[in-house]
Amino acid sequence: HTLVFDMLAAGPGREWDEAAFEPVVDGLYDENLHTVIDAAETAFDLILGGSKEAEQAILPELLGIVRSRKQPALSSALNVLHNLLYAGVELPEQAWRRLCRAMAELLSATDYEKNCGSEAQIKRCISARSCGANLAFQMHLYCKRRGLEVPREILGWKELCAGSEFAEVRRQWIGEL
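As a starting point, this report considers the structure included with it. Keep in mind the model is a prediction, meaning the values are calculated, not measured. (Residues numbered from 1 in each chain as written. Predicted model: local features only at pLDDT ≥ 70, side-chain atom pairs only at ≥ 80, totals over all residues. Heavy atoms only, no water.)

## What to know about helix 3 (residues 33–48)
Going by this rule: Secondary structure elements follow DSSP: runs of H or I of four or more residues count as helices, runs of E of two or more count as strands, with numbering from the N terminus. For a helix, the expected span equals 1.5 Å multiplied by the residue count minus one. Partly exposed describes any residue whose relative accessible area lies between the buried limit of under 20% and the exposed limit of over 50%, with all areas from a 1.4 Å probe on protein chains only and scaled to the type maximum. Side-chain atoms alone can form a polar contact between residues adjacent in sequence; in general such a contact is a pair of N or O atoms within 3.5 Å, and within protein one must be able to donate a hydrogen while the other accepts it.
For helix 3, built from 16 residues, the straight-helix expectation of 22 Å at 1.5 Å per residue is met to within 8% by its first-to-last C-alpha distance of 22 Å. Within helix 3 the residues assigned to the buried category are V36, D38, A39, A40, T42, A43, F44, L46 and I47. Here helix 3 starts with a cap whose side-chain oxygen sits 2.8 Å from the backbone nitrogen of H34, and that cap is N32. Positive backbone phi, approximately 90°, marks G50, located one or two places after helix 3.

Structure (structure tokens):
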């Protein structure tokens with residue numbers, strides 16, 4: 001983490017105001033990939049640390065990045081959300097619904113035939129789908145652990161990974177196929 005993000009992440013149990021998280025949010029929207037990664041790691045640490053203020057300030061931004069497919073932050077946002085679910089963080093109901101919608105939109109937006117023409121575009125789609133499939137699998141497990149019905153948006157990812165998808169994407173759905 002950079003110095004600013006280290007200062008933020010160093011205060012577990014500390015009371016925060018929303019303005020304290022602006023450097024992290026700004027970092028998520030930065031054009032420099034290394035800054036985005038630092039901000040994403042800090043966001044994960046803060047939310048995992050149980051800071052409700054961090055969750056309220058940063059989680060909507062992560063969801064917005066997924067929904068808008070903002071680059072270069074998309075993969076980092078997908079990975080942070082995956083890691084939060086893997087670590088057992090309970091998402092608020094509204095955040096869960098937004099994430100499900102964002103995952104359906106990501107699946108549609110990365111359709112190779114409709115949205116990807118050049119080799120570079122196809123590679124970006126494969127990368128986004130790989131991270132998306134990884135998160136979708138974790139969302140599937142999240143539902144199973146809580147005895148919830150798996151949303152159709154996530155079942156779409158499962159179907160994708162069971163089909164003739166690129167191996168980089170298929171292998172993200174571990175077992176269950």
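## Section: the packing of aromatic side chains
We count it as follows: Note on ring pairs: Phe, Tyr and Trp rings are taken, using the six-membered ring of Trp, and paired if centres are within 6.5 Å. Classes follow the plane angle, with under 30 degrees stacked, over 60 edge-to-face and the rest tilted. Two conditions define a charge located above a ring, namely a distance within 6 Å from the ring centre to NZ of Lys or CZ of Arg, and an angle within 35 degrees of the ring normal.
All told, the structure shown has two aromatic pairs when counted by the stated rule. Both rings, one in F137 and one in W173, keep their centres 5.4 Å apart while their planes meet at 70°; by these two values the pair is edge-to-face. Of the two residues, F137 is situated in helix 8 (residues 119–146) and W173 in the segment after helix 10 (167–170); the sequence distance between them amounts to 36 residues. For the pair F137 and W173, a shared accessibility class is recorded, and that class is buried. R146 extends its terminal NZ or CZ atom over the ring of Y142, reaching a point 3.9 Å from the ring centre.

## Topic: the pattern of salt bridges
Convention followed: Note on definitions: salt bridges are taken to be side-chain nitrogens of Lys or Arg within 4 Å of carboxyl oxygens of Asp or Glu.
Here the structure, examined in full by the defined rule, presents eight salt bridges. Put simply, E90 and R146 hold a salt bridge, and the shortest N to O gap is 2.9 Å. Separated by 56 residues along the polypeptide, E90 in the loop between helix 5 (74–86) and helix 6 (93–109) and R146 in helix 8 bring together distant segments of the chain. E90 sits in the partly exposed class, given a relative accessible area of 47%. With a relative accessible area of 27%, R146 lands in the partly exposed category. Of the charged contacts, one joins R152 and E153 as a salt bridge, the two residues approaching to 3.7 Å between their closest N and O atoms. Since its relative accessible area comes to 67%, R152 is described here as exposed. Take E153: its relative accessible area is 16%, and that puts it in the buried class.

## Topic: the packing of helix 3 against helix 5
The following threshold applies: Comment: axis = line fitted to C-alpha atoms, over the contacting stretch for helices; angle = value between 0 and 180 degrees taken between N-to-C directions. Each angle is binned into one of four classes, with values under 35 degrees roughly parallel, values over 145 roughly antiparallel, values of 65 to 115 roughly perpendicular, and all other values oblique. By convention the crossing between two helices is left-handed if the near helix lies anticlockwise of the far one by an angle smaller than a right angle, and right-handed if it lies clockwise. Whether two residues are in contact is decided by their heavy atoms, any of which lying within 4.5 Å being enough. Throughout, the ten residues Ala, Val, Leu, Ile, Met, Phe, Trp, Tyr, Cys and Pro are labelled nonpolar, Asp, Glu, Lys and Arg are labelled charged, and all others, Gly among them, are labelled polar.
Close contact between helix 3 and helix 5 brings their axes to 10 Å; oriented N to C, the two are set at 20°. As judged from the angle between their axes, helix 3 and helix 5 are roughly parallel. Crossing hand, helix 3 versus helix 5: right-handed. Residues V36, I37, A40, F44, I47 and L48 of helix 3 pack against S76, V80, N83 and L84 of helix 5. Here the residues of the contact of helix 3 with helix 5 are counted per class, giving eight nonpolar, two polar and no charged.

## Examining the packing of helix 4 (residues 52–68) against helix 5
Packing of helix 4 against helix 5 leaves a shortest axis separation of 9 Å and a crossing angle of 130°. Comparing the axis directions of helix 4 and helix 5 gives the class oblique. Viewed along their axes, helix 4 and helix 5 form a crossing whose handedness is left-handed. Residues L59, L62, L63, I65 and V66 of helix 4 form the contact with helix 5, whose participating residues are L74, A77, L78, V80 and L81. Split into classes, the residues belonging to the contact of helix 4 with helix 5 amount to 10 nonpolar, no polar and no charged.

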